[in-house]
Amino acid sequence: MRGKVVIVPCSGIGKTFGTVSREAAYAVVEDLRPDAAELVALSLLVLGDEAARAAVAEHPTVTIDGCRLACATKMVQESGLPVARSFTVLDAFRKYRDLKPEGISSLNPEGQKLARVLAEEVAEAVDEVVKGET
Amino acid sequence: MTEFLELTVDKFTFRFATDRYYHPEGVWALPEGEGRVRIGLSDFAQQSGGDVAFAEVKPVGTAVAFGDEVASIETMKTDIVVPAPVSGTVAEVNPALEMSPEVINEDPYGEGWLAAIAATDWEADRARLLDPQAYLERVREVAEEEMRKR
């Protein structure tokens, strides 16, 4: 695994805030911190996939949840694995009230901006976690 | 201790506190004595609306008539206009809502209350509200209709 930090986003299919969490995660691993962060699918953790579990066990993990159910964070923790930092789309929206996301398969411009600012916050957390690891 | 009725529709379970009355739009009203009536969102209303991001209640001293907007709630899904279930004057606003509006989702019948209203004629307004069983039946109709649309 090339990344030093694992990102586990929400898997809320059909939910706008789930889409925002995944778009933010993609932005972190593909654009903002491609060499420092790697995605792991929540569904693989739930299924007990060995490679996914090993990735989370061996690397600091940052979760991005859509809503207060916090499935990503809870599933990592219930797998007996630690969470280094956790974020929620809801908290991001509370900070950027004018960025109300709409849409599911395709976010509105506000939702895209919200995903971007959330991604930037996550990227900063990745930096802090990496710094703490070295 | 508050007791509850429960209604399960598909995978959703809704609770209804039995010690209060309900506006059909999902607002409960609990008389507290001396003309004060505490109000809040029903469990069905908060579940339907989704995670609360912002909750703004009319300030203390605002006069409201039955059905007037007494609060607005913005969730990740939608904006909710909360009608007053009683006429009177806003006497107290839940201070927790400013920093922790998620309390509405976490404890809609308790810590997530919205406001207390000094009622002008509670007995008259009460007659316009639904008792818990009647509100449950209304929710059943609405929820089952929603399920049929899916």
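Residues numbered from 1 in each chain as written. Chains lettered and ligands numbered in written order. Predicted model: local features only at pLDDT ≥ 70, side-chain atom pairs only at ≥ 80, totals over all residues. Heavy atoms only, no water.

Peer 1: Sorry, what's going on with the overall build of chain A here?
Peer 2: When helices and strands are counted, chain A shows 6 helices and 4 strands. Shown N-terminal to C-terminal, the secondary structure of chain A runs as helices and strands in the order β-α-β-α-α-β-α-β-α-α. Relative to the globule expectation of 14 Å for 134 residues, the C-alpha radius of gyration of chain A, 14 Å, shows essentially globular dimensions. Projected onto its principal axes, the C-alpha positions of chain A cover 40 × 30 × 20 Å. Per-residue burial for chain A yields a buried fraction of 51% across its 134 residues. Taking the intrachain contacts of chain A between residues at least 6 apart in sequence as the baseline, contacts between residues at least 24 apart amount to 67%. When the accessible surface of chain A is split by element, carbon and sulfur atoms take 50% of a total near 6,600 Å². Treating the 16 positive side-chain charges of chain A as one cloud and the 20 negative ones as another, the clouds have centres 6 Å apart. (Helix = DSSP H or I, 4+ residues; strand = E, 2+ residues; numbered from the N terminus. Rg over C-alpha atoms; globule rule 2.2 N^0.38 Å. Buried < 20%, exposed > 50% of the residue type's maximum accessible area, 1.4 Å probe, protein only. Contact = heavy atoms within 4.5 Å. Areas by Shrake-Rupley, 256 points an atom, 1.4 Å probe, with all protein chains shown as cover. Lys, Arg positive; Asp, Glu negative; His and termini not counted. Charge placed at Lys NZ, Arg CZ, Asp CG, Glu CD.)

Peer 1: Can you help me understand the side chain of Asp51(B) in this one?
Peer 2: Structurally, Asp51(B) is set in the loop between α1 (43–49) and β6 (52–57). Owing to a relative accessible area of 8%, Asp51(B) belongs among the buried residues under this scheme. Separated by 2.8 Å, the side chain of Asp51(B) and the backbone nitrogen of Arg68(A) make a polar contact. (Polar contact = N/O pair within 3.5 Å; in protein donor to acceptor, adjacent residues only side chain to side chain.)

Peer 1: Looking at this structure, how should I read helix α5 (residues 132–149) of chain B?
Peer 2: The α-helix winds at 3.6 residues per turn, so residues separated by three or four positions along the chain end up facing the same way. All names here are of chain B. The end-to-end C-alpha separation of α5 is 26 Å, in line with the 26 Å expected for 18 residues at 1.5 Å each. Among the residues making up α5, those that are buried are Pro 132, Tyr 135, Leu 136, Val 139 and Ala 143. Seen end-on, α5 carries its buried residues on one side only, within an arc spanning 100°. Residues Glu 141, Arg 148 and Lys 149 are exposed on α5 and point more than 90 degrees away from its buried face. For α5, the secondary structure elements touched by its buried residues are β1 (4–9), β2 (12–17), β3 (21–23) and α1. Of the residues that open α5, the one with a side-chain oxygen 3.2 Å from the backbone nitrogen of Gln 133 is Asp 131. (Expected span 1.5 Å × (residues − 1). Arc of directions from axis to C-beta.)

Peer 1: Mind showing me how you'd approach the sheet that holds strand β4 (residues 85–88) of chain A here?
Peer 2: Whether parallel or antiparallel, the strands of a sheet pair through hydrogen bonds between backbone atoms. Residue and element names in this part refer to chain A. Taken in spatial order, the 4 strands of this open sheet run β2-β1-β3-β4, and their pairing is parallel. Two strands close off the open sheet at either side, each with one partner strand: β2 (37–39) and β4. Between one strand axis and the next, the sheet turns by 25° as a mean value, whatever way the strands run. As paired elements, strand β1 (residues 5–9) and β2 share 3 bridges and run parallel to each other. (Pairing = 2+ DSSP bridges. Axes fitted to C-alpha atoms, helices over the stretch in contact; angles between N-to-C directions.)

Peer 1: Where do I start with a positive patch on the surface in this structure?
Peer 2: A surface patch of positive charge is lined by Lys15(A), Lys11(B), Lys77(B) and Arg150(B). Checked against the element boundaries, Lys11(B) lands in the loop between β1 and β2. (Patch = residues over 30% accessible without salt bridge, like charges linked within 9 Å, V, L, I, M, F, W, Y side chains within 5 Å. Salt bridge = Lys/Arg side-chain N within 4 Å of Asp/Glu carboxyl O.)

Peer 1: It is not clear to me how the pattern of salt bridges should be interpreted in this structure. Could you clarify?
Peer 2: A pair can form between side chains of opposite charge whenever their charged atoms are brought close. All chains considered together, the criterion is met by 20 salt bridges over all chains. The salt bridge involving Glu102(B) is made with Arg94(A); its shortest N-O contact spans 3.1 Å. Note that Glu102(B) is positioned in the loop between α2 (96–99) and α3 (103–106) and Arg94(A) in helix α5 (residues 89–95), a pairing that runs across two chains.

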